[in-house]
Amino acid sequence: MKLAPALQYSHELLKNTVRPGETVVDATVGNGHDTQFLAELVGNSGQVLGFDIQPAAIQATTTRLAAANLQNVSLYQTGHQNVDQYLSTDLSAAIFNLGYLPSGDKSVITHGQTTIEAVQKMLPHLRTEGLICLVVYYGHPGGNDERIAVEKFTATLPQKEFNVLEYQFVNQAHTPPKLIVIQKR
Ligand SMILES: C[S@@+](CC[C@H](N)C(=O)[O-])C[C@H]1O[C@@H](n2cnc3c(N)ncnc32)[C@H](O)[C@@H]1O
């Protein structure tokens, strides 16, 4: 068995957690890869809420979902820190891909403060054994500050309520992404 890279490992965990009919969040839709993955996991009876601040990301994701004939996704062009305005049900999972939009404007990045605000707003909705996966890319300017802030925040979550996992190859060049997973106990 090969050890999975961070993003792939997050998908394995999500596959083992999310059930058809549940509600999940893609907090950073970008080009929509994770959005499609989540939409297929929850199926027609479930729903995905997707967030991105860039029109190009919303457009690319809309096109991808239409090509895959997936109609169970609501996309919002707004920051994930506003998630509480759209979330009214329990949540089984959320994924964040932190950093910038590949092939997009590399100066538009996620930031620790708003990422943490979004996670804080999702936690009360997370069902038992539900997951919040943060795939942290941090090789770009500003990325390391976000990594440190997110690590510090997640490490202080109360042990009685949440399990927090960090997963990363530590002997690779070029700062491979790190996965942080929060599980509601
Ligand atoms: C690494 S990309 C996401 C890649 C995506 N998961 C995919 O499959 O292509 C990060 C995305 O976060 C978005 N972003 C930055 N700040 C955000 C915020 N506050 N709320 C939501 N999205 C944000 C960027 O516009 C960018 O598209």
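The rules we used
- Residues numbered from 1 in each chain as written.
- Predicted model: local features only at pLDDT ≥ 70, side-chain atom pairs only at ≥ 80, totals over all residues.
- Heavy atoms only, no water.
- Helix = DSSP H or I, 4+ residues; strand = E, 2+ residues; numbered from the N terminus.
- Rg over C-alpha atoms; globule rule 2.2 N^0.38 Å.
- Buried < 20%, exposed > 50% of the residue type's maximum accessible area, 1.4 Å probe, protein only.
- Near = heavy atom within 4 Å.
- Polar contact = N/O pair within 3.5 Å; in protein donor to acceptor, adjacent residues only side chain to side chain.
- Areas by Shrake-Rupley, 256 points an atom, 1.4 Å probe, with all protein chains shown as cover.
- Nonpolar A, V, L, I, M, F, W, Y, C, P; charged D, E, K, R; others polar.
- Arc of directions from axis to C-beta.
- Contact = heavy atoms within 4.5 Å.
- Pairing = 2+ DSSP bridges.
- Axes fitted to C-alpha atoms, helices over the stretch in contact; angles between N-to-C directions.

1. What to know about the overall build of the chain
Summing up its helical and strand segments, the chain has 5 helices and 7 strands in all. For the chain, the sequential pattern of α-helices and β-strands runs α-β-α-β-α-β-β-α-β-α-β-β. Here the C-alpha radius of gyration of the chain, 15 Å, is about what a compact globule of 185 residues would show, namely 16 Å. By principal-axis analysis of the C-alpha atoms, the chain measures approximately 40 × 40 × 40 Å. Burial statistics for the chain: of 185 residues in total, 50% are counted as buried.

2. Observations regarding the site of the ligand
Close to the ligand lie 22 residues; Thr 28, Asn 31, Asp 52, Gln 54 and His 80 are nearest. Between an oxygen atom of the ligand and a main-chain N or O atom of His 33, the distance comes to 3.2 Å. A distance of 2.8 Å separates an oxygen atom of the ligand from a polar atom in the side chain of Gln 54. Compared with its free state, where it exposes 610 Å², the ligand has 95% of that area covered by protein. Of all the secondary-structure elements, those providing two or more residues to the shell around the ligand are helix H2 (33-42) and strand E4 (91-98). Here the shell around the ligand is built from residues that sort into 8 nonpolar, 12 polar and 2 charged.

3. A short note on helix H4 (residues 112-122)
Where H4 is concerned, the buried positions are Gly 112, Thr 115, Ile 116, Ala 118, Val 119 and Met 122. Looking straight down H4, one finds its buried side chains confined to an arc of 160°; they lie on one side. In this fold, the buried residues of H4 make contact with strand E1 (23-26), E4, strand E5 (126-136), helix H5 (143-155) and strand E7 (178-184).

4. Quick word on the environment of Lys 121
The topology assignment puts Lys 121 in helix H4. Residue class for Lys 121 comes out partly exposed when judged on its relative accessible area of 25%. Separated by 3.4 Å, the side chains of Lys 121 and Asp 84 make a polar contact.

5. Quick notes on the sheet that holds strand E3 (residues 73-76)
As summarised here, the arrangement of the 7 strands in space is E3-E2-E1-E4-E5-E7-E6, forming an open sheet in which the pairing is mixed. At either margin of the open sheet sits one strand with a lone partner, and together these are E3 and strand E6 (162-167). The average undirected angle you get between the axes of adjacent strands in this sheet is 15°. Across 7 bridges, E4 lies against E5 in parallel orientation. Considered in E5, the bridge of Ala 93 is made with Leu 131. Sheet strands in contact with H4 are E1, E4, E5 and E7, and its direction is about 175° off that of E4.

6. As for the side chain of His 80
As for its placement among the helices and strands, His 80 is situated in the loop between E3 and E4. Once residues lying within four places of it in the same chain are set aside, the contact partners of His 80 are Ala 27, Thr 28, Phe 51, Phe 96, Thr 110, Thr 114, Thr 115 and Ala 118.

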